[in-house]
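# Understanding the architecture of this molecule
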4 protein chains.
Amino acid sequence: MNLEVQDGRAAHLARRYSAVRAHSLALSAGWSAEDQQVQSMPDASPTKWHLAHTSWFFETLVLRPHAADYAVFDPEFAFLFNSYYEALGPRHPRPQRGLLTRPPLARVLAYRQHVDTAISDLLQAGEPDAACASMIELGVQHEQQHQELMLTDLMHAFWSQPTRPSLLDRASPIASRTERPPAADAWAEHPGGQWEIGHDGAGFCFDNERPRHRVWIEPFAIARDLVRNRDLQGFIDAGGYREPRWWLSDGWARVQTEGWVAPAYWLDEHEHAGMEFTEFGVQRRDPDRPVSQISFYEAEAFAAWAGARLPTEAEWELAASRGLLNDALDQRWQWTRSSYEPYPGYRPAAGAVGEYNGKFMVGQRVLRGGSIATPPGHARATYRNFFPPEARWQFSGLRLARDL
Amino acid sequence: MNLEVQDGRAAHLARRYSAVRAHSLALSAGWSAEDQQVQSMPDASPTKWHLAHTSWFFETLVLRPHAADYAVFDPEFAFLFNSYYEALGPRHPRPQRGLLTRPPLARVLAYRQHVDTAISDLLQAGEPDAACASMIELGVQHEQQHQELMLTDLMHAFWSQPTRPSLLDRASPIASRTERPPAADAWAEHPGGQWEIGHDGAGFCFDNERPRHRVWIEPFAIARDLVRNRDLQGFIDAGGYREPRWWLSDGWARVQTEGWVAPAYWLDEHEHAGMEFTEFGVQRRDPDRPVSQISFYEAEAFAAWAGARLPTEAEWELAASRGLLNDALDQRWQWTRSSYEPYPGYRPAAGAVGEYNGKFMVGQRVLRGGSIATPPGHARATYRNFFPPEARWQFSGLRLARDL
Amino acid sequence: MNLEVQDGRAAHLARRYSAVRAHSLALSAGWSAEDQQVQSMPDASPTKWHLAHTSWFFETLVLRPHAADYAVFDPEFAFLFNSYYEALGPRHPRPQRGLLTRPPLARVLAYRQHVDTAISDLLQAGEPDAACASMIELGVQHEQQHQELMLTDLMHAFWSQPTRPSLLDRASPIASRTERPPAADAWAEHPGGQWEIGHDGAGFCFDNERPRHRVWIEPFAIARDLVRNRDLQGFIDAGGYREPRWWLSDGWARVQTEGWVAPAYWLDEHEHAGMEFTEFGVQRRDPDRPVSQISFYEAEAFAAWAGARLPTEAEWELAASRGLLNDALDQRWQWTRSSYEPYPGYRPAAGAVGEYNGKFMVGQRVLRGGSIATPPGHARATYRNFFPPEARWQFSGLRLARDL
Amino acid sequence: MNLEVQDGRAAHLARRYSAVRAHSLALSAGWSAEDQQVQSMPDASPTKWHLAHTSWFFETLVLRPHAADYAVFDPEFAFLFNSYYEALGPRHPRPQRGLLTRPPLARVLAYRQHVDTAISDLLQAGEPDAACASMIELGVQHEQQHQELMLTDLMHAFWSQPTRPSLLDRASPIASRTERPPAADAWAEHPGGQWEIGHDGAGFCFDNERPRHRVWIEPFAIARDLVRNRDLQGFIDAGGYREPRWWLSDGWARVQTEGWVAPAYWLDEHEHAGMEFTEFGVQRRDPDRPVSQISFYEAEAFAAWAGARLPTEAEWELAASRGLLNDALDQRWQWTRSSYEPYPGYRPAAGAVGEYNGKFMVGQRVLRGGSIATPPGHARATYRNFFPPEARWQFSGLRLARDL
């Protein structure tokens, strides 16, 4: 990560920490303890677990090494709320997070309070050294990532219930994020050539965004707009989900074994024609809304059918940096054609946080941008999100590209 | 079932109904909404689901057909809380009961109240006819069965958590059920011959206990006492879990694929020597306590190692009817050598309740007796419990028998 | 087993041994080395493996203990061709038998010759003692059992190939086994009462047929004829495979997960209407032929739909002993309502052959009778065949029974 | 593909076709019909199937469209021997190829002869047009790919048998491929910069090698030699298979679930210390031999432990083009750090052959070079082989790289 922070930032960090931590509670305030308990699939975690895990992150990587008199809240939490850090000892199996009725939510909230007080004390005690400050910043960014997962994971749990309740109400700030109208000139062109991508060093970034490095790019065009429901409906109407030639081999196998006929949260056409499950519950499908909750395989197949392709992540970053893209960071994550690989010269951070990104660099596809569930200010043009190609429970869509 | 009830029983039924329904709430009162939400395996159900399903049973089989003005509480509950009645329409898949954060517990409790009021109104409106009264009685018996499952299912969920909380506190009435000391004369003998088994018609019974019918029995001996932890420890010490010759072939396959080395709730000997998970949490193993949470396969293997065998269900019933058995009905269900089959001349009840027992008569083994989790008064000598031979989460143990 | 043999039987045993061993080779003579190599599912074994395993049985249980100078053919075969005898050491995993391209078929045939010569030498050297003679007899019976499995297992492998070749030609002796025409009086009645079942001691039997013991039977009727294709077609036409009320719960689950719509070897009605895969390849379905290749679940569901039930094994044996049944032993094995359990007083044989039957006495259903694939003279009225309730690749059918 | 061929090449094509087709038969001549029948896992195919499928390829893509009077050998073969071409109709499921005892090997050999005659007739009838000639060339290249798979697939089947027979004898030409001695200067350096990779148009190539395109490369060093058994032994001795920090997350999960402790064909150290299964059967492990039969995950972990990394495919190609590498093409395929992706501007070929490569471009890693099993002359510096990261049954090893 770019974890350098300037001296004299204690007060700034304290404000930032408080705001982000409060946002997690604000997000989850409308969900019952039962809602926050449930895990609907191995890849999704309960809200309660997210609230505890993000606190464990601060406790383990900030307070234990940097706060001299810190009293660990509960020694057992190291086992319960470690996500995947092998260097930090054994941990509760991921698929069983939903079994943890204990600790109860109330105790997890007390844990959060305990950690918040300790961080506050730490920052009031004087300027943190660089190592400490950078870990606090990382923890804050980490918590923001989990804020998005809290939404997508619980939305999957709500989707999995027959009643399909609404995740948010219309008063939510997320509701105000409206996509732009279609651009007059659908395609933006880029001349290609030798460029640099990756984070350039100012401000926070994750380690996977570095080092900034040279790439050679052929001329390309990229769609200014995201693909919308009306476009995807055209693919369906043309038999796209029944026609193997549009699909990668692994994707076609998924279509058949899992019976895909539409994006994950479109309701069955026979029983609920024209309906879609959204963050506001089941709604009539809006043809202007960007497609969401699709897999990489579906994005690839749609692009092939449309006579186009997905952009590479380098193309996307160059286009976003020039401002060529609408709805780049706040509507839907956009699948790219790129496998999630280390940049040339990549080095994971030392210590446990070296496991943050690097060990996942196989079998995943890069998504770029950000979504309606991404906390404002969290995403940027160099940000690299990643999921397996079959993942369908994120706010994931696509935009098209083509060679020039 | 034996569903005949006498005229003039409205007041009696009302009292009985109230007492049993109240007991369900008393049992679950100490568990949080999160505890009542969780499902730790497909065969176990959440407490909240049990509380709702038993109410659905009364609503569907008593109130809808017999209460003229009954207003259904929520039409969606017919889908959510039908357990397995094909005749009563489609239903939520069993392995996904733990996903139902909605309805919340509070609403399930309101549902119970709504049903209770309607049943009370029905019984105050006059004497119920025989069909109605018998369905109320069946519903009460059904609720008692689920009271035991509430305990065993949540105990499994607590076992599945690293913290392994206590299901009950010592003030629970269950805590006072103490097994008898060992009998002076360990074996009771029975001369065999021609006898009758099955329910004889007085009082409630399930349809699977009927008809009473003749059987021929060879002379046999049966242990007065249940097998205890010290006995099972002897089997372990003799290498019983590593020696295929004691095991049925399917049992030995389970031992190997699931790594069985002791009863289900005995803790790992390397990390927690001599400890057992009980209804009061993790406790030092009491050698005098009856063995619990074992499968039929383990019961069979133990009996073979001990130079004995399991009793058949007919032997068990004859011995229990004569009073030859200690701790017959209130300590541990006792695996028998009998497959769960229809009695000669068996006829399932007409209508949906015909699915109550009969359709499970393949692949299951009969357990006789009752357990510490069985509501007092619910079990009897003719009662036929049944589970698959690999089931290990019930209060299931054994007593030995042998030929004479 | 009833393994007693009289003195002076060496010559008789030698003739019998030779005839049965030759029959195995005659059966398989028309199949190529490739045909004899293949294993189409874990429960079925390659022909080559059957030919080797039956030889291993004689080598291990007769020649090693009883032939002083016997030279083991290949020490590795003890590992490769032990089927399931834990007492006889580790063995090749059952699902991987089809991987054994080595030893080649030619070497297995040499192994058979080697064993045959040694058995011949043993029997020419003098009268075998009782232990030896009884093991030879058991080996012969065992080989006959595998002769049937050679047919049913390879028939499954042929069914699993798109070309669906014919197992036998019309000149096969099996082809001449024609079922009897329908009986004029369809139902035979039996008064019930106290009877004995089980083998009475004269001639060979397996240990699971003993001891002969008393049973109490209620009066019953049993169908003289087997259920035929036309009957089963009636069940299908009435929607039987789509109607849960006829099915045991486990059976209905199979219908749904495996898509059962007809007996296992009936071809798809859309592509091949009216066709059935038989031992002579794909043929037009003969409505008069007894139903074959059905599971216990289907037999139960058909009987329920027909307003009848399956007979218990005791009923079947009593009826067969009185000669009340047509096509009892040479057309189709007949599923009974009985779980495969030890008879009262059952004791497995000592030593490795104690594993022959006893350890399978859970989770299986009894079939009585015999089939077109059963070697003539092998079956008898007390014979107890057994398979899991879902098994569908045997020549298994049913006859009906009902209470009187 | 680069499928352009010059006029007047009929005679050349005929010679080349004959030589390659004959080589397939020469390879398999030592294996019995049983050996050629077996399929040891879904990813591997029987030899017989390979022999038939390669003939089907010529029949379908050359003879049907280009030979006017060609008589199809057997219409059913289109279903049986299509590998994965959706455009060419339905096909036999891949995991069931080992069930096809019919057609027998003899008939597959007759099929080969039939196709060979027809191709010969076609080429003698006059100069083939460009489309036809290019399909013949593709078929020849395709057959060479299957020659390698015949070896690796049957080697897996032999490994899966307890007797572990030898795939080849010492007289095989493959036996004479000896790796070079270690280079004096272990690391070759490359200055990086802007280069081109991909096939430049002269001679045959597959479509995935094109288009040739510019890349920017940072300076790097690459090992002249392949990693050898002695090196891998050092990793094992250092606990490499037990230490999560060297592994990608997915790789570590495989280590645990599949119990990896050494390369796939190293024998168990407790029972067979120091032994390895090779193409010549079980042999004492030669520390100088290049590591073989390892997954991408193991290659990555070894490189991390060695303080190095895998080369990207662009680095590998640039180094191989300059001649910096020993044993580049004829010892072991070399895992690269690169995901298998389309080159910029990639277009699959039109028609069914468009499925040859492109639809697999997700979830696979690129291997470069060639192996002892690759037919001489088949590989080249631009050749892109690919397998999933967990694949362990190929002659796959690695060479190291590092940043400069």
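Since the structure is predicted, the reported quantities are computational estimates derived from the model, not experimental observations.

Attention shifts here to the overall build of chain A. Secondary structure summary: chain A contains nine helices and 11 strands in total. The C-alpha atoms of chain A give 22 Å as radius of gyration, which agrees with the globular expectation for 404 residues (22 Å, within 12%). Each of the three principal axes of chain A carries a C-alpha extent, and together these read 65 × 50 × 35 Å. The 404 residues of chain A split such that 61% are buried. For chain A, the exposed surface amounts to about 15,000 Å²; the carbon and sulfur share of it is 52%. The distance from the centre of the 41 positive side-chain charges to the centre of the 51 negative ones in chain A is 1 Å.

With that out of the way, let us pick up the packing of helix 2 (residues 47-66) of chain C against helix 5 (residues 130-159) of chain C. All names here are of chain C. Between helix 2 and helix 5, the shortest axis-to-axis distance is 9 Å and the interhelical angle comes to 175 degrees. Relative to helix 5, the element helix 2 lies roughly antiparallel. Partitioned by chemical class, the residues of the contact of helix 2 with helix 5 number 15 nonpolar, eight polar and two charged.

Let's shift gears to the state of the cysteines. Residues and elements named next belong to chain B. By the definition in use, this model includes zero disulfides over all chains. No disulfide involves C132; its nearest neighbouring cysteine sulfur is the one of C205, lying 19 Å away. You can call C132 buried: its relative accessible area is 4%.

Below, the discussion takes up the relation of the copies chain D and chain C. Note on the chain copies: they are related by a rotation about an axis and a translation along it. Turning chain D through 180 degrees and shifting it by 0.0 Å along the axis lays it on chain C, with an RMSD of 0.0 Å. In short, the pair behaves as if placed about a two-fold rotation axis. Residues of chain D ranked by C-alpha distance from the rotation axis are headed by E34(D), positioned 2.6 Å from it. Looking at chain D, 100% of its interface residues are interface residues in chain C too, so the copies touch through the same face.

Examined against the element boundaries, R21(B) turns out to sit in helix 1 (residues 10-28). With sequence-adjacent residues up to four places away left out, R21(B) is seen in contact with T54(B), S55(B), F58(B), R112(B), V115(B), D116(B) and E143(B).

Facing 27 residues of chain D, the contacting portion of chain C comprises 27 residues. Between chain D and chain C, a total of about 2,100 Å² is buried, with carbon and sulfur atoms accounting for 58% of that surface. Of all residues in chain D, E34(D), L99(D) and R102(D) bury the most surface against chain C, accounting for 33% of the area lost on that side. Where chain D packs against chain C, one counts four salt bridges. R102(D) is paired through a salt bridge with D35(C); the nearest N and O atoms lie 2.8 Å apart. Residues belonging to the side of chain D that touches chain C are distributed by class as follows: 12 nonpolar, 10 polar and five charged.

With that settled, the discussion passes to the domain arrangement of chain A. Residues and elements named next belong to chain A. Taken domain by domain, chain A consists of domain 1 (9-160) and domain 2 (173-403). A straight line from the C-alpha centre of domain 1 to that of domain 2 covers 28 Å. Tallying the contact residues gives 27 residues for domain 1 and 29 residues for domain 2. Here domain 1 meets domain 2 over a buried area of about 2,400 Å², counting both sides, of which 69% is carbon and sulfur. Looking only at domain 1, the three residues that lose the most surface to domain 2 are E148, M155 and W159, adding up to 29% of its buried area. At the surface where domain 1 touches domain 2, the tally comes to zero salt bridges.

Attention shifts here to the sheet that holds strand 8 (residues 365-368) of chain C. As a general point, the strands of a sheet are linked pairwise by backbone hydrogen bonds and lie either parallel or antiparallel. Residue and element names in this part refer to chain C. Taken in spatial order, the four strands of this open sheet run 9-8-7-10, and their pairing is mixed. Since the sheet does not close on itself, it has two edges, and those belong to strand 9 (385-387) and strand 10 (396-397), each with one partner. Pairing of strand 7 (residues 333-339) with strand 8, which is carried by three bridges, proceeds in the antiparallel orientation. Bridging across to strand 8, W335 finds its partner in L367. Contacting strand 7 and strand 8, helix 8 (residues 296-305) crosses the sheet at an angle of about 85 degrees to strand 7.

Now for the packing of aromatic side chains. The tally for this structure, following the rule as stated, stands at 112 aromatic pairs over all chains. Ring centres 5.9 Å apart and planes at 90 degrees place the aromatic pair F206(A) and Y383(A) in the edge-to-face group. Taken together, the positions of F206(A) in the loop between strand 2 (193-197) and strand 3 (213-217) and Y383(A) in the loop between strand 8 (365-368) and strand 9 (385-387) put the pair 177 residues apart, joining distant regions of the chain. Grouping aromatic residues by their ring pairs yields a cluster made of W56(A), F57(A), Y84(A), Y85(A), F204(A), F206(A), W333(A), Y340(A), Y356(A), F360(A), Y383(A) and F386(A). Of note, R97(B) hangs over the ring of W49(B), and the distance from its end group to the ring centre comes to 3.6 Å. In this structure, R285(C) is placed above the aromatic ring of W266(C), and the distance from its NZ or CZ to the ring centre is 3.8 Å.

Quick look at the interface of chain A and chain B now. With 27 residues of chain A in contact, the opposing surface of chain B contributes 27 residues. Run the count over chain A and chain B and you get four salt bridges. Where chain A meets chain B, there are 14 residue pairs in polar contact (both at pLDDT 80 or more). Here the residues of the side of chain A that touches chain B sort into 12 nonpolar, 10 polar and five charged.

What follows concerns the pairing of strand 8 (residues 365-368) of chain D. All names here are of chain D. Of the two faces of strand 8, the one carrying R365 and L367 and the one carrying V366 and R368 are both buried. Taken together, the three bridges between strand 8 and strand 9 (residues 385-387) define a ladder with antiparallel strand orientation. Looking at strand 9, one finds that R365 is bridged to F387.

To continue, consider the arrangement of the chains. A gap remains between chain A and chain C, with no contact made and the closest C-alpha atoms lying 14 Å from each other. Contact between chain B and chain D is absent, and the minimum C-alpha spacing across the pair is 14 Å.

Residue and element names in this part refer to chain C. Summarising burial for helix 8: eight of the 10 residues are buried, a large majority. Residues of helix 8 that are buried sit in contact with helix 6 (229-237), helix 7 (249-258), strand 7 and strand 8. Among the residues trailing helix 8, G307 stands out with phi positive, at a value near 70 degrees.

To continue, consider the sheet that holds strand 4 (residues 220-223) of chain C. Residues and elements named next belong to chain C. The antiparallel open sheet is built from three strands, whose spatial order is 1-4-11. Of all strands in the sheet, those bounded by a partner on one side alone are strand 1 (187-190) and strand 11 (401-403). Looking at each pair of strands side by side, their axes are set apart by 25 degrees on average, direction ignored. Both strand 4 and strand 11 contribute to a ladder of three bridges, which runs antiparallel. Across the sheet, F220 pairs through a bridge with D403, a residue of strand 11.

A few words on the side chain of E143(D). Mapped onto the secondary structure, E143(D) falls in helix 5 (residues 130-159). Other than its neighbours up to four places away in sequence, E143(D) contacts V20(D), R21(D), S24(D), T54(D), F58(D) and R112(D).

Quick look at the packing of helix 1 (residues 10-28) of chain D against helix 4 (residues 105-124) of chain D now. To characterise two packed helices, one gives the angle between the axes of the helices and the distance between these axes. All names here are of chain D. Direction vectors running N to C along helix 1 and helix 4 enclose 170 degrees, while the axes themselves pass 10 Å from each other. In this view, helix 1 runs roughly antiparallel relative to helix 4, as classed from their interaxial angle. Contact residues: A10, L13, A14, Y17, R21, S24 and L25 in helix 1; L109, R112, V115, D116, I119 and L123 in helix 4. Counted by class, the contact of helix 1 with helix 4 contains nine nonpolar, one polar and three charged residues.

The subject of this paragraph is the pattern of salt bridges. Under the definition given, this model contains 116 salt bridges over all chains. In this structure, K48(B) engages E34(A) in a salt bridge whose closest nitrogen and oxygen atoms are separated by 2.9 Å. Linking K48(B) in helix 2 (residues 47-66) with E34(A) in the loop between helix 1 (10-28) and helix 2 (47-66), this pair reaches from one chain into another. For the pair shown, K48(B) and E34(A) are each scored as buried. Through salt bridges with shared partners, a single ionic network connects R21(A), R112(A), D116(A) and E143(A).

Rules and cut-offs
Residues numbered from 1 in each chain as written. Chains lettered and ligands numbered in written order. Predicted model: local features only at pLDDT ≥ 70, side-chain atom pairs only at ≥ 80, totals over all residues. Heavy atoms only, no water. Helix = DSSP H or I, 4+ residues; strand = E, 2+ residues; numbered from the N terminus. Rg over C-alpha atoms; globule rule 2.2 N^0.38 Å. Buried < 20%, exposed > 50% of the residue type's maximum accessible area, 1.4 Å probe, protein only. Areas by Shrake-Rupley, 256 points an atom, 1.4 Å probe, with all protein chains shown as cover. Lys, Arg positive; Asp, Glu negative; His and termini not counted. Charge placed at Lys NZ, Arg CZ, Asp CG, Glu CD. Axes fitted to C-alpha atoms, helices over the stretch in contact; angles between N-to-C directions. Parallel < 35°, antiparallel > 145°, perpendicular 65-115°, else oblique. Nonpolar A, V, L, I, M, F, W, Y, C, P; charged D, E, K, R; others polar. Disulfide = S-S within 2.5 Å. Least-squares fit on C-alpha atoms with pLDDT ≥ 70 in both. Contact = heavy atoms within 4.5 Å. Buried area = accessible area lost by both parts, 1.4 Å probe. Salt bridge = Lys/Arg side-chain N within 4 Å of Asp/Glu carboxyl O. Domains from an automatic or database assignment. Pairing = 2+ DSSP bridges. Phe/Tyr/Trp six-rings, centres within 6.5 Å; stacked < 30°, edge-to-face > 60°. Lys NZ or Arg CZ within 6 Å of the ring centre and 35° of its normal. Polar contact = N/O pair within 3.5 Å; in protein donor to acceptor, adjacent residues only side chain to side chain.

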